[in-house]
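# Remarks on the overall topology
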Amino acid sequence: MQTSESFRVCALLSFSGGLQDAYTYNVRGHVFANAQTGNVVLMSQNFMTGHWRAYS
C-alpha cells in the first residue's frame, strides 16, 4: 500500500468515526454510544455553536 492510499484510508476512517459519534450523540438522546472520546466532540460542538464558556 502506498502512502497516498493509506492517507485516504485513514481520512475515510476518521471521517466515518466522527460521523458516527455525531449521529449517536445528536439522534440517540445525547449519549455517546461509540468508542471515540466524547469530550472532543462536545468541545467542538460548543465551539462551533458559539458557546465559548460552556465548561468554564
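Everything below is about the structure shown above.
For the structure given in this document, a descriptive report is provided here. Nothing here was measured: the structure is a model prediction, and the numbers come from that model. (Residues numbered from 1 in each chain as written. Predicted model: local features only at pLDDT ≥ 70, side-chain atom pairs only at ≥ 80, totals over all residues. Heavy atoms only, no water.)

### So, the overall build of the protein chain
Secondary structure assignment for the protein chain yields 2 helices and 0 strands. In the protein chain, which comprises 56 residues, the share counted as buried stands at 12%. Of the roughly 4800 Å² of accessible surface on the protein chain, 63% is carried by carbon and sulfur atoms. (Helix = DSSP H or I, 4+ residues; strand = E, 2+ residues; numbered from the N terminus. Buried < 20%, exposed > 50% of the residue type's maximum accessible area, 1.4 Å probe, protein only. Areas by Shrake-Rupley, 256 points an atom, 1.4 Å probe, with all protein chains shown as cover.)

### Details of a nonpolar patch on the surface
On the surface, a nonpolar cluster with roughly 440 Å² of combined accessible area is contributed by F47, M48 and W52. Tracing the backbone shows M48 in helix α2 (residues 38-48). (Patch = residues over 30% accessible without salt bridge, like charges linked within 9 Å, V, L, I, M, F, W, Y side chains within 5 Å. Salt bridge = Lys/Arg side-chain N within 4 Å of Asp/Glu carboxyl O.)

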